[in-house]
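Understanding the architecture of this molecule
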Amino acid sequence: MPKAIWNGAVLAESNHCEVVENNQYFPPDSLNKDYFEESNTHTGCPWKGTASYYNVVVDGQANKDAAWYYPEPKDAAKNIKGYVAFWKGVKIEM
């Protein structure tokens, strides 16, 4: 089962991830919400749409914009609506 881990904490864990561009996208209900805070950052992808970000905070340490998701993706990416992917040192274990 894929797990997203940072700073020793399991951020998300699910057998129902979607893989897009070699990224594991975790379903929203698999997140440990205690570790996420909304970010004001947004970026655009030509085929997925506008991404929103979360800061990941574990034991008082923040990893800015370490998680992203598409709240309203374009049709080509509708399978990842609301699903969350990670970067910036967040490890994905299988």
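Above this text is the structure in question.
Everything in this summary refers to the structure shown in the same document.

Rules behind the numbers
- Residues numbered from 1 in each chain as written.
- Predicted model: local features only at pLDDT ≥ 70, side-chain atom pairs only at ≥ 80, totals over all residues.
- Heavy atoms only, no water.
- Salt bridge = Lys/Arg side-chain N within 4 Å of Asp/Glu carboxyl O.
- Helix = DSSP H or I, 4+ residues; strand = E, 2+ residues; numbered from the N terminus.
- Buried < 20%, exposed > 50% of the residue type's maximum accessible area, 1.4 Å probe, protein only.
- Core = buried A, V, L, I, M, F, W, Y, C linked by side-chain atoms within 4.5 Å.
- Pairing = 2+ DSSP bridges.
- Phe/Tyr/Trp six-rings, centres within 6.5 Å; stacked < 30°, edge-to-face > 60°.

**Quick look at the pattern of salt bridges**
This structure, assessed with the given rule, holds 4 salt bridges. One salt bridge in this structure joins Lys 3 and Glu 13, with 3.9 Å as the shortest N-O distance. Within this pair, whereas Lys 3 is found in strand 1 (residues 3-6), its partner Glu 13 is found in strand 2 (residues 9-13), the two being separated by 10 residues in sequence. On the basis of relative accessible area, Lys 3 is assigned to the partly exposed category, the value being 29%. Between Glu 21 and Lys 48 there is a salt bridge, with its nearest N and O atoms 2.6 Å apart. Separated by 27 residues along the polypeptide, Glu 21 in the loop between strand 3 (18-20) and strand 4 (23-25) and Lys 48 in the loop between strand 5 (36-45) and strand 6 (49-58) bring together distant segments of the chain.

**Some details on the nonpolar core**
Leu 11, Phe 36, Val 56 and Phe 86 are the most contacted members of the largest nonpolar core, which has 18 residues in total. Elements that contribute at least two residues to this core include exactly strand 1, strand 2, strand 6, strand 7 (61-69) and strand 8 (84-86). Counting residues in hydrophobic clusters, the runner-up holds 11 residues, among them Cys 45, Trp 68, Ala 77 and Ala 85.

**Some words on unusual backbone geometry**
The phi angle at Asn 7 is positive, at roughly 55°, despite the residue not being glycine. When its relative accessible area of 36% is taken as the criterion, Asn 7 is described as partly exposed. With a phi close to 55°, Asp 65 is a non-glycine residue in the positive phi region. Its location among the elements puts Asp 65 in strand 7.

**Section: the pairing of strand 5**
The sheet contact formed by strand 5 and strand 6 spans 7 bridges and is antiparallel. Opposite Thr 43, over in strand 6, you have Ala 51 as the bridge partner.

**Considering the packing of aromatic side chains**
For the structure on display, the rule yields 6 aromatic pairs. Pairing Phe 36 with Phe 86 gives two aromatic rings, centres 6.1 Å apart and planes at 50°, and the pair type is tilted. A residue pair is termed long-range when its members are at least 10 positions apart, and Phe 36 in strand 5 and Phe 86 in strand 8 qualify at 50 residues. This pair shows no difference in class: Phe 36 is buried, exactly as Phe 86 is. Relative to Tyr 69, the ring of Tyr 54 lies with its centre 4.7 Å away and its plane at 25°, an arrangement referred to as stacked. Taken as a pair, Tyr 54 in strand 6 and Tyr 69 in strand 7 lie far apart in primary sequence, 15 residues in all. Overall, Tyr 54 belongs to the buried group, its relative accessible area being 12%.

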